[in-house]
Amino acid sequence: MTLLDAVLSLSEAPARDEALQRILRALARATAADALSVLTAAEDGSVGVAAQIGLSPAALGLSFLPAEHPRLRRASLAAGPIRFLDPSEPDPYSRWLLGNTGEIHPIHACMAVPLRVQGRLAGLLTLDACDPQGLRGLGDEDARVFAGLCAGALRLDGGAGLALAAGARRAADPAPGGGAQPGRSAVMRRVEREIAVLAPLSVPVLVTGETGVGKELVARALHERSPRAGRALVIVNCAAIPAQLVESELFGHRKGAFTGATAARAGRFEAAHGGTIFLDEIGELPLAAQAQLLRALQEGEIQPVGEDRARRVEVRVVAATNRDLRREVAEGRFRADLFHRLWVYPICVPPLRERREDIPALCERFAAEIAAELGAARVDFTEPALRALTQAAWPGNVRELKNAVERAALRRTVAEGAGAAGRALVLRREDFDAGDADAHGAPRIELPEERLWLAGAPPPEAPVEPLVEALERARREAFARAFRAADGNAAMAGRLLGVSRSFAYKEAVRIGLIPPPEPRRR
């Protein structure tokens, strides 16, 4: 039934990522592999992890250049399944195995199969087994079948998602040509599709969303994927301009137009001629400036302060706000005609709590940035830390998450009492608990399983449970969740729990999750 399950994944899965995950689960049941992954090929030649089993959650979104990894390079050029027998070749997943903080032993089984769609490389299917004989039971023809199913799954999104995998590797570039933000969630794939459609056009775009979700990254992606990419992108924070200077700042002024205007000055619209102007927090503009902005949008004309004649400008306008502009219009603080001119096609960037599956990739991106800044070899996360980050509320969204990762890396550096240069930092859950907020002034992050109470209020009463019973209940719940996630496979459940297969099997029998083995007959 394993192969049938994999085949049904293509017809029953609602989207590409779910289909890939189901196919990998079916393949895991058919082999003794400790880690399986599907990497998708991006336009820049890199390959990124789109689905995986047995690796750290932070591996999702990782991107590699095959030129820098001998095994990935050989697999990309291979005509079919390839098994790697040279232990001197580095494994790209070394130190990414779930529950394994050390290097993968050089002598282990490793296999890869290229995924091709219409003759072009679409990605790779990889399998790793710590047991050197762990992949002996998987024949090349069976591997080709599973690879064909994975290649078919990659076509479920019409190829729209193939360029997203490069986002994490190009972390230093806030506006990569592939994706506005690294992530695999359905809502961010929708944003990516909207950017792809709107970027080549000249219509105004309004980007909405809560503070810190990454609206500026969307604006940059719209510009850099447009025909205007070679011209200027001018960013204006409307909330930071004094009300009496807004018109001068946006549209310029002539000498002597007002007190202090000692020289003529071009405005931001003229600076963006031929390119894009990004008006952040547009809801903060006063009504007088809104009228001039409407004229610039409708007629392509601006009128500097103190001049009698208008000037022609050719600018693409992208605006952003965290306000409800419909309410602002209803209450008379925003012009209805300007609202309708901007509301051609709004892009709504979802808050982080609605796309938690993107958090591991974002954490990896921010970890790479802080590692480069500190001179560290790399910055990793323990499983409890990453799990807590994935479940946290993050009212400040991506901006708050980035600050938390940077603060934790600095805390870990201070706690270890040595510089980070050349070392690998491992961020633990306690590094994100802001218990010293009073001393350092850092905002407190409410991670799961923490409770905040009002000052002076008594903590909520809870029944006291004997420690032995509490530990046993927690153990039973953990094993039950792991075996459900692993579809009853003891080896996979053991990897999820960070224990050996034999221990997972014995405990599952003890607590009644699986039946005991039948006694052998003599």
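(A) Just the sheet that holds strand E13 (residues 347-348), in detail. Read from one edge of the open sheet, 5 strands run E8-E9-E12-E7-E13, paired in parallel fashion. Edge positions in the sheet fall to strand E8 (233-237) and E13, since each has one partner strand and no second. As judged from the 4 bridges shared by strand E7 (residues 205-208) and strand E12 (residues 316-321), these two strands associate in the parallel manner. Residue pairing for E12: Val 207 is matched across the bridge by Ala 320. The strands touched by helix H6 (residues 215-224) within the sheet are E7, E8, strand E9 (276-280), E12 and E13, with E12 carrying the most contacts at an inclination of about 165°.

(B) Structural context of the packing of helix H16 (residues 467-485) against helix H17 (residues 490-497). Closest axis-to-axis distance for the H16/H17 pair is 8 Å, and the angle between their directions is 125°. Considering their axes alone, H16 and H17 lie oblique with respect to each other. For H16 against H17, the interelement crossing comes out right-handed. Contacts from Ala 478, Phe 479, Ala 482, Phe 483 and Ala 485 of H16 reach H17 at Ala 490, Ala 493, Leu 496 and Leu 497. The class makeup of the residues in the contact of H16 with H17 is 9 nonpolar, no polar and no charged.

(C) Geometry of the pairing of E7. Of the two faces of E7, the one holding Val 205 and Val 207 and the one holding Leu 206 and Thr 208 are both buried throughout. Alignment of E7 against E13, held across 2 bridges, turns out to be parallel. Bridging from a neighbouring strand, Val 207 pairs with Ile 347 of E13.

(D) A look at the packing of aromatic side chains. This model, assessed by the stated rule, comprises 5 aromatic pairs. With 6.4 Å between their ring centres and 55° between their planes, Phe 479 and Phe 503 make a pair best called tilted. Placement of the pair is Phe 479 in helix H16 and Phe 503 in helix H18 (residues 501-510), with a sequence separation of 24 residues. Over the face of the ring belonging to Tyr 505 we find Arg 501, whose NZ or CZ atom lies 5.9 Å from the ring centre.

(E) Structural view of helix H13 (residues 383-391). Residues of H13 that are buried include every one of Ala 385, Leu 386, Ala 388 and Leu 389, and no others. Axial view of H13: buried residues confined to an arc of 160°, hence all on one face. Contacts made by the buried residues of H13 are with helix H12 (359-374), strand E14 (378-381) and strand E15 (424-427).

(F) Expanded view of the sheet that holds strand E4 (residues 82-83). Here we have 6 strands laid out as an open sheet, ordered E3-E2-E1-E6-E5-E4, and antiparallel in their pairing. Each end of this open sheet is capped by a strand with a single partner; those strands are strand E3 (63-64) and E4. Bridge count for strand E2 (residues 47-53) against E3 is 2 bridges, and the pairing is antiparallel. Across the sheet, residue Gly 48 finds its bridge partner in E3, namely Ser 63. Of the strands in this sheet, strand E1 (35-41), E4, strand E5 (109-117) and strand E6 (120-129) are in contact with helix H4 (residues 140-154), which crosses E5 at around 45°.

What counts, and where the lines are drawn
- Residues numbered from 1 in each chain as written.
- Predicted model: local features only at pLDDT ≥ 70, side-chain atom pairs only at ≥ 80, totals over all residues.
- Heavy atoms only, no water.
- Pairing = 2+ DSSP bridges.
- Helix = DSSP H or I, 4+ residues; strand = E, 2+ residues; numbered from the N terminus.
- Contact = heavy atoms within 4.5 Å.
- Axes fitted to C-alpha atoms, helices over the stretch in contact; angles between N-to-C directions.
- Parallel < 35°, antiparallel > 145°, perpendicular 65-115°, else oblique.
- Left-handed = near helix turned anticlockwise from the far one by under 90°.
- Nonpolar A, V, L, I, M, F, W, Y, C, P; charged D, E, K, R; others polar.
- Buried < 20%, exposed > 50% of the residue type's maximum accessible area, 1.4 Å probe, protein only.
- Phe/Tyr/Trp six-rings, centres within 6.5 Å; stacked < 30°, edge-to-face > 60°.
- Lys NZ or Arg CZ within 6 Å of the ring centre and 35° of its normal.
- Arc of directions from axis to C-beta.

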